[in-house]
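Spelled out, the chains give:
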Amino acid sequence: MVAHQPDVTLRSRAERPTVAPIRLRRALEYARRYHRLSVNLRHQHLVLPDSRARAADPANHTHFLINFPGSPSGVDELTAWLPMLHRLSRWAPVAILVGDVLAYRAVSAETALPCYFGRVASEAEYVAQQLQTKVMLYVNQSKLNLREAGFHDILHVFLGAPGPGRQNWLNNRLRLYDYVLAPDDESKAWLAARMMAYDVSTTVRIVGRPVPPAGPLSGLGARLRAADVAEAGVDVDAVVEELLQIRDERDRLVTERDARLAEQGIVLLKGGQA
Amino acid sequence: METRPGRGLGTAAVVEPARRVGQWWRRRREHSRLHKLPEYQLHSGRHFDVLLHFPDLPVNLYQVRQWYGPLEQLSRQRSVAILCYEPETAEIIRRETSLPVLLTRGGLPDLEKVRTDHQPKVILYPNQNYTNFGILGLNTVQHAFICHGESDKIYMSSNWMKVFNYDLVAGQAAKDRLSRRLFGYDVEARTIEIGRPQIDIEFQAPYTFDESRKTVLYAPTWEGGRTSMRYGSVASHGLTMVSSLLADRRFRVIYRPHPRTGILLPQHRAADLRIRELIDVATASDPSAGHLVDDTPFGWQLKAADVMITDISAVAYDWLTTAKPLIVTQPIEPSAVVDQGSFIGDLRLVTADEAHRIPEMADRALSDPEQIGRMRRWCAYYYGDTTPGASMTRFINAIERMIEERDGWVFQDHDVADELAAIGPVAV
């Protein structure tokens, strides 16, 4: 056994980005954030009342809520999954929770699935709670996922994107989720090899199709972002089947847990974080 | 909720972003200034086995202050530092502890730098700030939640506990809480019991008391931001209880109100002032009694007091580590939730109508074997072995265990196919 650090763990000094581009990236990032906050504060009144009213309606509930707190620049991470979500909605109620006004509008224009707005924690919690969400889905590694993934009595599932998008989500933060739907065996192998004591056998489910042998043209295609995840190699039927199973498992877990605690005379406070 | 743009939101759309830009500019300037100081340069390239991650502003410093002692103890055998994101916070911490303080801006390149320059093996998290999510991407580190005080708050069994490699819990109560709340979380495998290492730190008491009187610590909480959290007893019980105790020569009173007392409700502010006046008058008439209003750092009071009176609040859990008698008030606000599953639900709470009987209740709490036995059982359930040194030993052993596991994993020959490198580096 060779005692050395894995080659991926440390980046040499030569590989590090130089200071000037870092400063430029930082300045651009702050400018982007400033613009986004300003737009949201100016325009959220156009979408929030309607979203809250629909969430408050007892007729509206969902089994699956897709969480997208991110900025409009990454909205293709969500829209790439729309064909799968449409397929899923044939079998169970599906809704989308968006945390940015422009992203909300973009997503609403792309799909007939119900969209809700939740920019701040209390609004997001209100929507998830009112809709009696059973499974929360995540399509990126936004730091605000930590907020929504705190909700109890919901199973939290990460949808791993195929192709070059993999480098954006394959990391240690995946521990947060109850399940990770990985597009291919390579991603699963990466997780098994590079996350300490992470049980891929129970947490990670493969939902990809076999990829055709790589040639010059397919190699080029792999570097381009596909229009949707199905085109890029995700088996939509497999995802739907896994998600429905996860929903059923969640129902079973909640029922069994409540019955067990009732025998002990314990009633848990419910809803959101509670 | 008012959502029309109107004047309020229209103004907010301009003022709020402008305020944030100003904040960003000041923060950037402070970062640059501090990075040039020798105190920070000294540690810029050092490796640390253990980092405490604290990205917060000074308002939450109480969460990290309680860990200075245990970390200083740990630093005798491991290199330990506190990682801050806010310059103001870093400067305060640097003045308050001998531990090295590191300052990062918290962006992606900065966290890469933390990994490459400091190469931490264990990162400890005293809170659940969303900013934690960035550094949690490091896969060569054991990430452990250490909280900032045991309690039965829902926060302590949040689903996001799953993101940490380990949760260093106080005892069996915490494990049961997690088992009840979380699905698919192997409590036995992912928690390590450490008790409350803070109780093994020697605090210098700023006062000394003779044994002629029993010392009663009255430490009420504030009025709370929401009515469902209105647990504070200063206005409802406080005046009557304190005046009854001051009138009884068997007792000495240490009054330690929450720093936020009275900031929202005038009646709480008025009651607080009146209690302070009563104590001043009592002290003037008999200085040897030793009554006092206390605003010193918390810790020494656990040893100095014989019995504590408090409200439903975190300080009750700190007191529980002593297994000494505890009296808790019943909030007069009907919507204030009392969790019947916690140890507080097992206590008989003192109503406002009974406040004048507090000397009698304190006397009984100090002598009733049934009450004393009950507190000991709860203490063991929440904190395990609280004999001197036991908690600290378990805390340090937990860190050593995590480092050993981490080193074993990092230095093994990972069977990763070459083509997997195409997926990319381990991102933060």
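Within each chain, residue numbers correspond to sequence positions counted from 1 in written order. Here the convention is simple: chains get letters from A, ligands get numbers from 1, in the order in which they are written. Under the rules for a predicted model, residues below a pLDDT of 70 receive no local features and side-chain atom pairs below 80 are neither given nor counted, while totals for whole chains, interfaces and linings still include all residues. Heavy atoms from the whole structure form the basis of all side-chain values; hydrogens and water molecules are not counted.

## A closer look at the pairing of strand 5 (residues 142-145) of chain B
Residues and elements named next belong to chain B.
Line of reasoning, step 1. Burial classification: accessible surface area is computed with a 1.4 Å probe over protein chains only, and a residue below 20% of its type maximum counts as buried, one above 50% as exposed, and the rest as partly exposed. Only DSSP runs of H or I covering at least 4 residues are called helices, and only runs of E covering at least 2 are called strands; the numbering of each starts at the N terminus. What you see with strand 5 is no split at all: Gln142 and Ala144 on one side and His143 and Phe145 on the other are buried throughout.
Line of reasoning, step 2. Here strand 4 (residues 122-125) pairs with strand 5 via four bridges, running parallel. Bridge assignment links isoleucine 123 to a residue of strand 5, and that residue is histidine 143.
Line of reasoning, step 3. One bridge is not enough; two strands pair if DSSP finds at least two bridges between them. Relative to strand 6 (residues 166-169), strand 5 is paired through two bridges, and the arrangement is parallel. From the neighbouring strand, phenylalanine 145 faces strand 6, where its bridge partner is aspartate 167.

## A short note on the domain arrangement of chain B
All names here are of chain B.
Line of reasoning, step 1. Taken domain by domain, chain B comprises domain 1 (28-195) and domain 2 (214-383).
Line of reasoning, step 2. Where a domain begins and ends is set by an automatic assignment or by a domain database. Look at where the C-alpha atoms of domain 1 and domain 2 centre, and you get two points 32 Å apart.
Line of reasoning, step 3. Residue-level contacts link ten residues of domain 1 with seven residues of domain 2.
Line of reasoning, step 4. Summing both sides of the interface, domain 1 and domain 2 together bury roughly 800 Å²; the carbon and sulfur share of this comes to 53%.
Line of reasoning, step 5. Note: buried area is the sum, over both parts, of the accessible area (probe 1.4 Å) each one loses when the two are combined. Counting the surface domain 1 buries against domain 2, the share from its top three residues, Glu150, Asp152 and Ala173, is 54%.
Line of reasoning, step 6. When a carboxyl oxygen of Asp or Glu lies within 4 Å of a side-chain nitrogen of Lys or Arg, that pair is called a salt bridge. Run the count over domain 1 and domain 2 and you get zero salt bridges.
Line of reasoning, step 7. In this count, Pro and Cys sit with the nonpolar residues alongside Ala, Val, Leu, Ile, Met, Phe, Trp and Tyr, while Asp, Glu, Lys and Arg are called charged and the others, Gly among them, polar. Considering only residue class, the side of domain 1 that touches domain 2 consists of two nonpolar, four polar and four charged. Any two residues having at least one pair of non-hydrogen atoms within 4.5 Å are treated as being in contact.

## Observations regarding the confidence of the model for chain A
Predicted coordinates in regions of low pLDDT should not be interpreted in detail.
Residues and elements named next belong to chain A.
Line of reasoning, step 1. For chain A, the average pLDDT comes to 84, and 84% of its residues sit at 70 or higher.
Line of reasoning, step 2. Summary of the metric used: pLDDT quantifies the predictor's per-residue confidence within the range 0 to 100. The element-level mean pLDDT for chain A is lowest in helix 10 (residues 216-223), coming to 50, with strand 4 (residues 135-138) highest at 98.
Line of reasoning, step 3. Note on residues 1-16: pLDDT under 50 across the span, and 30 contacts to partners over four residues away in sequence or across chains.
Line of reasoning, step 4. Here residues 219-224 scores under 50 on pLDDT; set against residues more than four positions off or in separate chains, the count is two contacts.

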